[in-house]
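A closer look at the structure
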Amino acid sequence: MGGWYSATLLRKRLFAALAAAAFLFIAVCTRFFFVQILSGERLRGMALGQWTREIPVVAARGDIEDRNGVLLAGSAAGYSVFVRPNAVRDKPAAASVLARLFGLDEAELLAELRSSRVSEFAVVRHADKESVVRLEEYDLPGVYYARDDVRIYPFGSLLSRVLGFTSVDGTGLTGLEKYYDKYLRGQDGEIAQPTDLVGAEVEGEAVYYPATDGRTLCLTIDYAIQAAAEAAMERVYAQYSPVTAQCIVLDPDNFDILAMAEAPGYDLNNVPRDDADALAFLSRNNLVSDIYEPGSTFKIVTAAANIEEYLRGNPAAFSRTHVFNSSRTRSVDGTTVRCWSTHANGRHSDQTLAEALNNSCNPCFTDIALALGTETFYEYLEKFHFGSATGIDFSGEAQGMLLPESAVRACDLARIGFGQTVAVTALQLACAGASAVNGGYYYRPRLVREIRSADGKQREEIAPVLLNRTIGEEASRALASLLEGVVADGSGSRAYIEGYKVGGKTGTAQKFEDGAIAQGKYVSSFLGFFPSDDPQYLVLVIVDEPQGAYYGSVVAAPAAREVMQGIIDVRGIPPYES
């Protein structure tokens, strides 16, 4: 009995010892795997970092070009100078040389060299090449430089609220510089130079890790059209002293943004970084990020829905030849809708849809909205992407404001019909107008058409994306013809260009502040396109709070005409042959 017990106990002890040994072996192997395989690269890097000095090889930031290759944003050679205090042998001499070359305070620099607890710090950024060449002549231990390009914008304020700007270290902060930063910034490299413990260079072979330069953005913007749009907005800004004067030029065929202009702008080469309020105002792209009540330009959408429903055989819809009641008022849910005209001397008698558009008569579009009904009208509003983002490749796009369908009363529907009780972005309205006259095709708007590598070998095309259909081609052609009449014979006559088929619609909307009408504050607008029988260019002008005059027909329509004339001139478009 005792022998059997002793043998069993021995086997248990032997098993426990073997198990412990196996556990230790597995633990050691696991640790070995973790250190050598999983963490090997990191630990080798840490070890290398203790015995090397990493000189950065900064990637060149990618350029930004217009659709024709015109440089809009690029980089000029610049350099940053760094110091490793522990490796500086003669600190007073180094401070003297650096202060003299780069205009620094010698005493402050010397104090920093003597007291600094950091392993390295930047002495100066964006130094010119001449100063760096002179620095090389002194061969100062512990002092080195690296490429640090300066971002330049050849046209200063041109496209300032779209291009945006970068930080001091070259990171995109606003606009396209921010949205496409991951493509523009590239990937930095470095030169690992052997050093001793204090950071002084020693004999040995340096290891070079090359940088990958940033990619080039090829925009949909046309520089010549952008310049024409900006010139027109600057003239409007000077003449009417508004808060802003804004313009979008869109290609209706695919929603390429050809121009986005706003006045006032600012010089991208001299960004007011020390004035936060001014910078926030000047760098904001209001065309994408701000919303407003569009007023009568929205009647384009109401008319589009009206014509499409009539062509579909909807008996509730008014026809294009329907005669609207001559009364200048409509009463809906106890609220009164009035026409801007007094209808005196027989003006604005019974009207067709063409005449209602020409005269911009609100009661007629109240009739249309009520006849369509909430469900049908809202189907069209959603197709035209009101209340939702367009999806443009730009940060900060607003969605606009559209009442929930379930909350809409008859008086709300009536006002939406002529552009009140709805808020849109300028981009939303431009895209809706383009879809209404291009055959009913709604695309995702874009600012960038292609991204390519610095050597041009790798290309990534951003193709147009058709999102949906809004109306049919027949309805679209009919609407474009009616809007040509608005410019030829109606409220948009100041946008008329002899020899060219221009269509469009004016808008004059009162502004609201704190839920009430802001007396004396208006938004003047005009949405136009040409040629009206085959739209190639759409122009939307918005003037926020013009002084001295405020009707869209007086303020915005002539500005839009100026932009369209500029397009005709730069593109060499001949007049039509009748």
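Computed from a prediction, not measured in an experiment: that's the story for all the values here. (Residues numbered from 1 in each chain as written. Predicted model: local features only at pLDDT ≥ 70, side-chain atom pairs only at ≥ 80, totals over all residues. Heavy atoms only, no water.)

**Quick notes on the overall build of the protein**
So the rule is basically this: Numbering of helices and strands runs from the N terminus, with a helix taken as a DSSP run of H or I at least four residues long and a strand as a DSSP run of E at least two residues long. For each residue, the accessible area found with a 1.4 Å probe, counting protein chains only, is set against the maximum for its type, and the residue is called buried under 20%, exposed over 50%, and partly exposed in between. In short, Shrake-Rupley with a 1.4 Å probe defines the accessible areas, and a residue's cover is counted only from the protein chains shown.
Along the backbone of the protein there are 19 helices and 23 strands. Across the 578 residues of the protein, 50% fall into the buried class. Total accessible area on the protein stands at roughly 27000 Å², and carbon and sulfur atoms take up 51% of it.

**Digging into the nonpolar core**
For clarity, the threshold we go by: For this analysis, a nonpolar core means a set of buried residues of the types Ala, Val, Leu, Ile, Met, Phe, Trp, Tyr and Cys, connected via side-chain atoms within 4.5 Å.
By size, the foremost hydrophobic cluster in this structure holds 90 residues, and its most contacted members are Leu219, Leu250, Met260, Leu353 and Phe365. Looking at this core element by element, the count peaks at 9 residues for helix H17 (residues 426–437). Formed by 34 residues, the second largest nonpolar core is a distinct cluster that contains Ala245, Val555, Ala560 and Ile568.

**Some words on the packing of aromatic side chains**
Heads up, the condition is: In this analysis, rings of Phe, Tyr and Trp, with Trp reduced to its six-membered ring, are considered paired at centre separations within 6.5 Å, and the interplanar angle assigns stacked below 30 degrees, edge-to-face beyond 60, and tilted for intermediate values. A ring is considered to have a charge above it if a Lys NZ or an Arg CZ atom is located within 6 Å of its centre and within 35 degrees of its normal.
Enumeration over the complete set of coordinates arrives at 12 aromatic pairs. Centre to centre, the rings of Phe255 and Tyr443 are 5.7 Å apart; their planes meet at 65°, and the pair counts as edge-to-face. You can see Phe255 sitting in the loop between strand S11 (244–251) and strand S12 (256–263) and its partner Tyr443 sitting in strand S17 (residues 441–443), a full 188 residues away along the chain. Overall, Phe255 belongs to the buried group, its relative accessible area being 0%. One aromatic cluster is present, formed by Tyr179, Tyr180 and Tyr183 through successive ring pairs. Between the NZ or CZ atom of Arg469 and the centre of the ring of Tyr441, over which it lies, the distance is 3.8 Å.

**As for the sheet that holds strand S21 (residues 503–513)**
Keep this limit in mind: When DSSP finds at least two bridges between two strands, those strands are taken to pair. Under this scheme, a helix contributes an axis fitted over its contacting stretch, all axes are lines through C-alpha atoms, and angles between N-to-C directions fall in the 0 to 180 degree range. Two residues qualify as a contact provided that any one of their heavy atoms is within 4.5 Å of a heavy atom in the partner residue.
Across the sheet, which stays open at both edges, the 5 strands sit in the order S12-S11-S23-S22-S21 with antiparallel pairing between neighbours. Strand pairing shows two members of the sheet lacking a second neighbour, S12 and S21, which therefore form its edges. The mean angle between the axes of side-by-side strands here comes to 15°, regardless of whether they run parallel or antiparallel. Two elements, S11 and strand S23 (residues 537–544), share 7 bridges in a ladder whose sense is antiparallel. Looking at the pairing, Thr244 lines up with Asp544 of S23. Against the sheet, helix H18 (residues 473–489) contacts S21 and strand S22 (516–530), and its axis sits at roughly 75° relative to S21. With respect to the sheet, helix H19 (residues 552–571) is in contact with S11, S21, S22 and S23, its orientation differing from that of S22 by roughly 30°.

**Things to note about the sheet that holds strand S18 (residues 448–452)**
Spatial strand order, S7-S3-S2-S10-S18-S19: 6 strands in an open sheet with mixed pairing. Both outer strands of the open sheet, strand S7 (150–152) and strand S19 (459–461), are each paired with one neighbouring strand and no more. In the sheet, strand S10 (residues 216–219) pairs with S18 via 4 bridges, with the strands oriented antiparallel. By the bridge assignment for S18, Leu219 is matched with Val448.

**Concerning unusual backbone geometry**
Omega for the peptide link from Ala263 to Pro264 comes to 5°, which places this bond in the cis form. Take Pro264: it is sitting in the loop between S12 and helix H10 (276–283). Pro531 follows Phe530 through a cis peptide bond whose omega is -15°. Summarising the element assignment, Pro531 is placed in the loop between S22 and S23. Phi at Asp139 is positive, roughly 50°, even though this residue is not glycine. A positive phi angle, close to 60°, is found at Glu545, a residue other than glycine. Its location among the elements puts Glu545 in the loop between S23 and H19.

**Structural notes on the pairing of strand S13 (residues 329–332)**
By the alternation rule, side chains of S13 split into Arg330 and Val332, which are all buried, and Thr329 and Ser331, of which none is buried. In this sheet, strand S14 (residues 335–338) lies alongside S13 in antiparallel orientation, the contact comprising 4 bridges. The residue of S14 that forms the bridge with Arg330 is Val337. Linking S13 back to S14 in an antiparallel pair, the connection comprises 2 residues, with Asp333 at a positive phi of about 55°.

**Some remarks on the packing of helix H12 (residues 299–311) against helix H15 (residues 374–383)**
The line we're drawing: Each helix crossing is assigned a hand: it is left-handed if the near helix lies turned anticlockwise from the far helix by less than a right angle, otherwise right-handed if that turn is clockwise. Classes in brief: Ala, Val, Leu, Ile, Met, Phe, Trp, Tyr, Cys and Pro nonpolar; Asp, Glu, Lys and Arg charged; the others, Gly included, polar.
Here H12 crosses H15 at 115°, and the two axes come no closer than 10 Å. Here H12 runs over H15; the crossing is right-handed. Together, Val301, Thr302, Ala305, Glu308 and Glu309 of H12 and Thr376, Phe377, Tyr380 and Leu381 of H15 make up the contact between the two elements. Across the contact of H12 with H15, the residue classes tally to 5 nonpolar, 2 polar and 2 charged.

**A look at the confidence of the model for the protein**
For clarity, the cut-off: What pLDDT conveys is the predictor's confidence in a given residue, as a value from 0 to 100.
The pLDDT averaged across the protein works out to 87; a share of 87% of its residues lies at or above 70. Counted against residues more than four places away or in other chains, residues 45–51, with its pLDDT under 50, gives 8 contacts.

**Some thoughts on the pattern of salt bridges**
Worth spelling out the cut-off: Every case where a carboxyl oxygen of Asp or Glu lies within 4 Å of a side-chain nitrogen of Lys or Arg is listed as a salt bridge.
Following the criterion strictly, the structure yields 21 salt bridges and no others. For the salt bridge of Arg61 with Asp181, the shortest nitrogen-to-oxygen distance reads 3.0 Å. Residue Arg61 is located in the loop between strand S1 (52–57) and strand S2 (64–65), and its partner Asp181 is located in helix H8 (residues 181–184); the two are separated by 120 residues in the primary sequence. For Arg61, a relative accessible area of 10% translates into the label buried. Overall, the relative accessible area of 8% leaves Asp181 in the buried class. Of the charged contacts in the structure, one is a salt bridge between Glu562 and Arg235, with a shortest N-O distance of 2.5 Å. With Glu562 in helix H19 and Arg235 in helix H9 (residues 223–240), this pair connects stretches of sequence that are 327 residues apart. One salt-bridge network, in which partners are shared between bridges, spans Arg61, Arg151, Glu177, Asp181 and Arg185.

**Some remarks on helix H4 (residues 106–115)**
Rules: Here, the arc refers to the directions that run from the helix axis to the C-beta atoms. Two N or O atoms form a polar contact when they lie within 3.5 Å of each other; inside protein one atom must be a possible hydrogen donor and the other a possible acceptor, and for residues adjacent in sequence the pair counts only when both atoms belong to side chains.
Considered for burial, the residues of H4 that qualify are Leu109, Leu110 and Leu113. Axial view of H4: buried residues confined to an arc of 100°, hence all on one face. In H4, the exposed positions that point more than 90 degrees away from the buried face belong to Ala107, Glu108 and Ser115. Along its buried surface, H4 packs onto strand S4 (79–83), helix H3 (91–102) and strand S5 (121–127). Between the side-chain oxygen of the N-cap and the backbone nitrogen of Ala107 there are 3.1 Å, and the N-cap of H4 in question is Asp105.

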